[in-house]
Amino acid sequence: MSPNPIGNRVEQLAQSLAEHIVPMIVDAIDIDSIIDKVDVEKIIERVDVDKIVERVDVDQIIERVDVQKIIDRVDVQQIIERVDINAIVDKIDIDSLVEQTELGSIIARSTTGVLTEVLDVIRAQGVGLDDFILRWGNRLIGRGKKVRHWPAGPPLLVGPKAIAPT
Amino acid sequence: MTTVPVPSPALTVGRQGNYAGAVSRLAAFAADVGASWGLYTLGVALLNAALKLATGHSFTLSNHQLAAFIVLTLWEFLYFTYQWAVSGKTLGMAILGLQVVTRAGAPISGRQAVFRTVGLGITLFLTLGIGFLGIVYQRDRRALNDYIAGTAVVYDWDARAARLRWIARKEGPAGTAAPQEHII
């Protein structure tokens, strides 16, 4: 209790007045119109985010985060469905990747047997001999140069203007 | 033992879908003739054994030449037609990495497979093989039976994978250099 009885009464009067007046003032204020007048962009521009970030103790925040809970909430299946694997694979230059890494030897060990390798060799030899016969067969009848302008394959498979690589 | 050089990258990359040439096609045909004859002989032997078990009498198809000719013709017709109709390739073509497609490059129909087999017989026996010269002298490397059926033959093997294997062999396991030739 205040040692001054007058001061004490004034204080009580001020308190009771405040109890009556403050709610009236608050009711009278149109908060929406005030918010409308506030230029949020300007406020954001004034805020020095770097300073705030510097004050934040990230380690402490990380310690508080329950990562397991977040992981449990993530729907991995939905994320996978959204990913366009084909687009990603198309962007990869497999040849250069294989040349730079040991992926080549891994592929060789995992996907090929002796039979596959033998088939590769036989087929490649066949392609070479095919080209040889085509080139020389046509050279014999004086059409060697024309062959170079022949189509490489059917239009649906190689495009209408693709030329044979002989 | 035969020493075969490794395939050159220039030969093995980017040829999928290209018209196949004479040597690959001839090799595939030879493999098919061998396979179909082998299966025919096996079938006849099994049939003979089954008949012997069932009736006690031995039956030799070669003693009935007309029947043998008809059965063999039917068998060859089925061998080629069925495989072309189902997958566009026979066993020999699968080994050599070839496929029959329409002239435009689409999968062939059963009707085209039938025409191609009949055309194969015509090209082989009526033109005495001259119909195959189109594989070397025609722009789209089509033989007479291809013209009859409206088809073409293309390379179908995974040349890109072969290229990767070739690079892998060149690197060798754990970076060791592999020999430049394969002995088969």
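Residues numbered from 1 in each chain as written. Chains lettered and ligands numbered in written order. Predicted model: local features only at pLDDT ≥ 70, side-chain atom pairs only at ≥ 80, totals over all residues.

Engineer: How would you summarise the overall build of chain B if you had to cite specific residues and measurements?
Structural biologist: In terms of regular secondary structure, chain B is built from eight helices and four strands. In sequence order, chain B lays out its α and β elements as β-α-α-α-α-β-α-α-α-β-α-β. Across the 184 residues in chain B, those meeting the buried criterion constitute 38%. Contacts in chain B between residues at least 24 apart in sequence constitute 68% of all its contacts with a sequence separation of at least 6. (Helix = DSSP H or I, 4+ residues; strand = E, 2+ residues; numbered from the N terminus. Buried ≥ 20, exposed ≤ 12 C-beta atoms within 10 Å, placed from the backbone. Contact = placed C-beta atoms within 7 Å.)

Engineer: How would you explain the overall build of chain A if you had to name every residue and give the values?
Structural biologist: Regarding its fold elements, chain A presents 13 helices and zero strands. Each helix and strand of chain A, ordered N terminal to C terminal, gives the series α-α-α-α-α-α-α-α-α-α-α-α-α. Residues classed as buried in chain A amount to 11% of the 166 residues present.

Engineer: Break down the packing of helix α3 (residues 65–87) of chain B against helix α5 (residues 110–126) of chain B for me, with residues and values.
Structural biologist: For any two helices packed against each other, one specifies the inter-axial angle together with the distance between the axes. Residues and elements named next belong to chain B. Contact geometry of α3 with α5 gives a least axis separation of 8 Å together with a crossing angle of 145 degrees. In the crossing of α3 with α5, the sense of the turn from one axis to the other is right-handed. Between α3 and α5, the residues in contact are F77, F80, T81, W84 and A85 and G110, A113, V114, R116, T117 and L120, respectively. Its residues assigned to classes, the contact of α3 with α5 comprises seven nonpolar, three polar and one charged. (Axes fitted to C-alpha atoms, helices over the stretch in contact; angles between N-to-C directions. Left-handed = near helix turned anticlockwise from the far one by under 90°. Nonpolar A, V, L, I, M, F, W, Y, C, P; charged D, E, K, R; others polar.)

Engineer: Would you mind going over the pairing of strand β2 (residues 98–102) of chain B in detail, with residue names and values included?
Structural biologist: All names here are of chain B. Of all five residues making up β2, four are buried, and the element is well covered by its neighbours. As defined by bridge partners, β2 adjoins strand β3 (residues 151–155) across five bridges and the pair is classed as antiparallel. Residue pairing across strands places V101 opposite A152, the latter belonging to β3. (Pairing = 2+ DSSP bridges.)

Engineer: Residues and numbers for the nonpolar core, please.
Structural biologist: Among the nonpolar cores identified, the biggest contains 33 residues, and A20, L98, V153, V154 and Y155 of chain B are the most heavily contacted of them. Beyond its immediate sequence surroundings of up to four residues, V153 of chain B is in contact with A20, R25, L98, V100 and D146 of chain B. (Core = buried A, V, L, I, M, F, W, Y, C linked by C-beta atoms within 7 Å.)

Engineer: Hey, could you go over unusual backbone geometry for me, with residue numbers and the actual values?
Structural biologist: Residues and elements named next belong to chain B. Even without being glycine, L128 reaches a positive phi, approximately 55 degrees. Tracing the backbone through its elements, the reader meets L128 in the loop between α5 and α6 (134–137). Even without being a glycine, R141 presents a positive backbone phi close to 45 degrees. Mapped onto the secondary structure, R141 falls in the loop between α6 and α7 (144–149).

Engineer: Summarise the confidence of the model for chain A; cite the residues concerned and give the values.
Structural biologist: The predicted model of chain A averages 80 in pLDDT, with 83% of residues at 70 or higher. Mean pLDDT per element in chain A: helix α10 (residues 103–111) of chain A is the minimum at 60, and helix α11 (residues 114–140) of chain A is the maximum at 86. (pLDDT = per-residue confidence, 0-100.)

Engineer: How would you explain the pairing of β3 of chain B if you had to name every residue and give the values?
Structural biologist: Strand residues, when the strand is regular, have side chains that alternate between the two faces of the sheet. Among the five residues in β3 of chain B, five count as buried, and that is most of the element. Neither face of β3 of chain B is open: one carries T151, V153 and Y155 of chain B, the other A152 and V154 of chain B, and all of them are buried.

Engineer: Can you break down α11 of chain A residue by residue, with the values?
Structural biologist: Residues and elements named next belong to chain A. Spanning 27 residues, α11 covers 39 Å between terminal C-alpha atoms, matching the ideal 39 Å at 1.5 Å per step. Considered for burial, the residues of α11 that qualify are E117, D120, V121, R123, A124, G126, V127, D130 and L134. The first or second residue beyond α11 is G142, which carries a positive phi of 75 degrees. (Expected span 1.5 Å × (residues − 1).)

Engineer: Break down α3 of chain B for me, citing the residues and quoting the values.
Structural biologist: Owing to its 3.6 residues per turn, the α-helix brings residues three or four apart onto one side. For α3 of chain B, built from 23 residues, the straight-helix expectation of 33 Å at 1.5 Å per residue is met to within 8% by its first-to-last C-alpha distance of 33 Å. The set of residues buried in α3 of chain B consists of Y79, F80, T81, Q83 and W84 of chain B.

Engineer: How would you sum up the packing of α11 of chain A against helix α2 (residues 22–55) of chain B? Please name residues and give values.
Structural biologist: One way to put it is that α11 of chain A packs onto α2 of chain B with a least axis distance of 6 Å and a crossing angle of 125 degrees. Between α11 of chain A and α2 of chain B, the crossing angle belongs to the class labelled oblique. Each of G126, V127, L129, D130 and I133 of chain A in α11 of chain A lies in contact with α2 of chain B, whose residues at this interface are A22, V23, S24 and A27 of chain B. Split by residue class, the contact of α11 of chain A with α2 of chain B holds six nonpolar, two polar and one charged. (Parallel < 35°, antiparallel > 145°, perpendicular 65-115°, else oblique.)

Engineer: Any chance you could break down the environment of Y40 of chain B for me, citing the residues and the numbers?
Structural biologist: Relative to the assigned elements, Y40 of chain B resides in helix α2. Excluding anything up to four places from it in sequence, Y40 of chain B contacts L72 and W75 of chain B.

Engineer: Describe the confidence of the model for chain B, and please don't skip the residues or the numbers.
Structural biologist: Parts of the model with low pLDDT should not have their predicted coordinates read in detail. Residue and element names in this part refer to chain B. Residue-level pLDDT values for chain B average 82, and 78% of them are 70 or greater. Low pLDDT, under 50, characterises residues 1–12; the stretch is placed with 32 contacts to residues that sit more than four places away or in other chains. Every residue in residues 174–184 scores below 50 in pLDDT, and together they form 20 contacts with partners more than four places removed in sequence or on other chains. Here the predicted complex carries an ipTM of 0.75, next to a pTM of 0.60.

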